[in-house]
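Take a look at the letters that make up each chain.
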Amino acid sequence: MIKIWQVDFYRRPVQDKSGQILWELLICDATRSFEYTATCPQSAANSHWLATQIQLADNDNLPDTIQVFRPQSLSLIQAAANNLDIDVEPTRYTLALKQWLEEKQYPLALDKPPPTPLPENLWGEEWRFATLSAGELADVFAQRPIPIVSIPEFLKPINLGLASTVPVPGVIIYGGRKSMYLARWLEEAQPVALNYIAGEPNGLILEAGLVDRWIVATFEDAEVEAAAKVYQQRQQQSQGLHFLLVQPDDSGMTYTGFWLLRAEI
C-alpha cells in the first residue's frame, strides 16, 4: 500500500526571541492519525533542514509520496524529497492538512493569477452544459473504455453521501479531431473545478493545478446564461460535485476524457 504524507512548509505570523520570522513544517497523513511539526528561523529554512526533519518524523518508514498544495513551498519540498528518493505530488486535495491549518487559524487563501485564455490550438468545436444523475456518474464512466479518466475515490458520489438520483451538473466539450489533444492537455493541467463567472461577457473558468486558471469559454447569449445559472445552482445541491467530459462529437459512441471535479482552495 502506498504511503502518502501531506506536507506544508511556510512562514508563520510569529517570531522567535531574536525577532526572526519562524517557518513551520506540518506533516500528516490523510486521517491525521500521524502528525509531525517542527519550526525553524527563516535563515535556516532550506531543503537540507527539511530533509532532516522528514527523516526525524519517521525515519523507519518514510512515505512513497509527499503531497503539497502551496506553490511557494513546492520547490523546497521537492529538493528535500529528491534527496530522500520520495515522489512529490502537487495537488489542491490535501484535505487533512488544510483542516489542520484551519484549526491553527492560519490563512489558506493562495494568490492566484488572472485567468489566461486557452491556447487556440486546444479549442474544441463546441461545448454545452449537461446533467447526469449521481448514480450514472461513477458507474457509467468508470466502466467505459475512455482513454483518460479521473475519478478520485473521495469524490465518488457514494463517498460524499449523495443519493443516486441527485443531479450532478457538468460541461461537455466536443473536440472533433482535437479531442485527444485537448484531453491530454487537460490531464497534464490537472483540472480541479470549472466555474461559471457572471459578467460582461459571462465566462467559464477552469481551475487547475495548484493556482492555474484558464478561460474555457465566454458567452453573452441569454439561453446559455440561463443554463449556466442552473449549472451553478445544481452544484449547490451536489455538494460542489461536477464533471468535465471531452468527446469527439455528440454521437454518444466514443469518449476521450472524463474528470470528476469539486472546487478546492
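Model, not experiment: these values are computed from the prediction. (Residues numbered from 1 in each chain as written. Predicted model: local features only at pLDDT ≥ 70, side-chain atom pairs only at ≥ 80, totals over all residues. Heavy atoms only, no water.)

1. Re the overall build of the chain
Right, on to step 1. If you tally the helices and strands in the chain, you get six helices and 14 strands.
Right, on to step 2. Projected onto the principal axes, the alpha-carbon positions of the chain cover approximately 65 × 40 × 35 Å.
Right, on to step 3. Out of the 265 residues belonging to the chain, those deemed buried represent 47%.
Right, on to step 4. Expressed as a percentage of contacts within the chain between residues at least 6 apart in sequence, the contacts between residues at least 24 apart total 63%.
Right, on to step 5. Surface summary for the chain: the accessible area is close to 13700 Å², and the carbon and sulfur share equals 49%.
Right, on to step 6. For the chain, the distance from the average position of its 20 positive side-chain charges to the average position of its 32 negative side-chain charges is 3 Å. (Helix = DSSP H or I, 4+ residues; strand = E, 2+ residues; numbered from the N terminus. Buried < 20%, exposed > 50% of the residue type's maximum accessible area, 1.4 Å probe, protein only. Contact = heavy atoms within 4.5 Å. Areas by Shrake-Rupley, 256 points an atom, 1.4 Å probe, with all protein chains shown as cover. Lys, Arg positive; Asp, Glu negative; His and termini not counted. Charge placed at Lys NZ, Arg CZ, Asp CG, Glu CD.)

2. A look at the environment of Ser133
Right, on to step 1. Looking at the element boundaries, Ser133 is found in strand β7 (residues 126-133).
Right, on to step 2. Relative accessible area serves as the criterion here: at 22%, Ser133 is assigned to the partly exposed category.
Right, on to step 3. Residues Ser133 and Val166 lie 33 residues apart in sequence; the distance between their C-alpha atoms is 5.5 Å.
Right, on to step 4. In this view, Ser133 contacts Ser164 and Val166; residues no more than four positions away in its chain are not counted.

3. Concerning helix α6 (residues 222-237)
Right, on to step 1. With 16 residues, α6 should reach 22 Å at 1.5 Å per residue; the first-to-last C-alpha distance of 23 Å fits that figure.
Right, on to step 2. Within the sequence span of α6, burial applies to Ala228, Tyr231 and Gln235. Down the axis of α6, the sector holding all buried residues measures 55 degrees, keeping them to one side. The outward face of α6, more than 90 degrees from its buried face, is lined by the exposed residues Ala222, Glu223 and Gln236.
Right, on to step 3. For α6, the side-chain oxygen to backbone nitrogen distance between the N-cap and Glu223 is 2.9 Å, and the N-cap itself is Asp221.
Right, on to step 4. Directly beyond the C-terminal end of α6, a positive phi value near 60 degrees is found at Gln239. (Expected span 1.5 Å × (residues − 1). Arc of directions from axis to C-beta. Polar contact = N/O pair within 3.5 Å; in protein donor to acceptor, adjacent residues only side chain to side chain.)

4. Focus on the pairing of strand β4 (residues 65-68)
Right, on to step 1. The alternating pattern of β4 places Thr65 and Gln67 and Ile66 and Val68 on opposite faces, both of which are buried.
Right, on to step 2. Two elements, strand β1 (residues 4-15) and β4, share three bridges in a ladder whose sense is parallel. Considered in β4, the bridge of Gln6 is made with Gln67.
Right, on to step 3. In this fold, the crossover linking β4 to strand β5 (residues 87-90) by way of helix α2 (residues 71-83) has right-handed handedness. (Pairing = 2+ DSSP bridges. Right-handed = clockwise from strand over helix to strand, strands pointing away.)

5. Here we look at the confidence of the model for the chain
Right, on to step 1. Mean pLDDT for the chain: 92, with 99% of residues reaching 70 or above.
Right, on to step 2. Per-element confidence in the chain ranges from a low mean pLDDT of 79 for helix α4 (residues 134-143) to a high of 97 for β4. (pLDDT = per-residue confidence, 0-100.)

6. Let's talk about the sheet that holds β5
Right, on to step 1. On the basis of which strands lie adjacent, the open sheet formed by five strands has the order β3-β2-β1-β4-β5 and mixed pairing. Among the strands making up the open sheet, the edge pair consists of β3 (35-41) and β5. Strand-to-strand twist of the sheet, defined as the mean angle between neighbouring strand axes without regard to direction, takes the value 25 degrees.
Right, on to step 2. α2 rests against β1, β2 (21-28), β4 and β5 of the sheet, and its axis sits at about 125 degrees to β1. (Axes fitted to C-alpha atoms, helices over the stretch in contact; angles between N-to-C directions.)

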